[in-house]
Each structure stands twice: as C-alpha cells, then as structure tokens.
Amino acid sequence: MPNLLLPVEERNLTPDQVVTLDKRRQRGLMLQVMGTQFGFVAILLTVWAGQDFTYSPGWTHPMGYYMILAGILSLTCWLTGSALRRGVPEFN
C-alpha cells in the first residue's frame, strides 16, 4: 500500500532518486541555517549602521552597506533553502 502522506511525484522513486532528494533537502537545511546566521549578523550590524548613516558624510557608509548585503543574503538563503526543502521529510 502506498504512503499517502508523500506527494504524488515522490511515491515511486528509485533508491538513487531518494538519495538525491535527501541531499537536496540537506542543502536546503544548510541554506536555511546560513540565512539565519546572516540574519543575526544583519541585526547586530544595525547598531553600527545607524551610527554610520547618521554621522558619515556623503555616500561613505560601509557598515550600512554591509547590513544591507547581510539582509539580502539572509533572505536569499532562506528562500532558496525553503524551496529546496519542499515536500515531506523522510521521517514523520
């Protein structure tokens, strides 16, 4: 009897395809962890970025740019990791 908790496209996979699917989900989890770490760094950088945007003259705001870069990397890693981890995990 098939496992009805699995999506239709994952019900009849070969062992090699299951290994590939597990590796994809592991990469997705790694990207979600990296996204969380980049998010923490971006939150910590807001303190320095606020001072940098307030007191630095002109367009010279390196900490602000680092904060924006860390935020963009955080969102990108999180969205990509979530897309890779789609589906049902191997253990329910």
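Note: the structure precedes this text.
Residues numbered from 1 in each chain as written. Predicted model: local features only at pLDDT ≥ 70, side-chain atom pairs only at ≥ 80, totals over all residues. Heavy atoms only, no water.

## Some remarks on helix H1 (residues 15–55)
Residues lying three or four places apart along an α-helix face the same way, a consequence of the helix completing one turn every 3.6 residues. In this model, H1 (41 residues) spans 59 Å end to end at C-alpha, consistent with the 60 Å of a helix rising 1.5 Å per residue. The sharpest bend along H1 comes to roughly 40°, located at threonine 46. Along H1, the residues that are buried comprise Leu21, Arg24, Arg25, Gly28, Leu31, Gln32, Gly35, Gly39, Ala42, Leu45, Ala49 and Asp52. Buried residues in H1 make contact with helix H2 (62–84). (Helix = DSSP H or I, 4+ residues; strand = E, 2+ residues; numbered from the N terminus. Expected span 1.5 Å × (residues − 1). Bend = angle between axes of the 7 residues up to and from the residue. Buried < 20%, exposed > 50% of the residue type's maximum accessible area, 1.4 Å probe, protein only. Contact = heavy atoms within 4.5 Å.)

## Observations regarding a nonpolar patch on the surface
On the surface, Phe53, Trp59, Tyr65, Ile68 and Ile72 cluster together into a nonpolar patch covering about 580 Å² of accessible area. The element best represented in the nonpolar patch is H2, accounting for three residues. In this structure, isoleucine 72 sits in helix H2. (Patch = residues over 30% accessible without salt bridge, like charges linked within 9 Å, V, L, I, M, F, W, Y side chains within 5 Å. Areas by Shrake-Rupley, 256 points an atom, 1.4 Å probe, with all protein chains shown as cover. Salt bridge = Lys/Arg side-chain N within 4 Å of Asp/Glu carboxyl O.)

## Brief notes about the side chain of histidine 61
The topology assignment puts histidine 61 in the loop between H1 and H2. Setting aside residues no more than four positions away along its own chain, histidine 61 makes contact with Asp52, Phe53 and Ser56.

## A word on H2
Compared with an ideal rise of 1.5 Å per residue, which puts 23 residues at 33 Å, H2 spans 32 Å between its outermost C-alpha atoms and is within 8% of the ideal. Along H2, the residues classified as buried are Gly64, Met67, Ala70, Ser74, Cys77 and Gly81. The elements touched by buried residues of H2 are H1.

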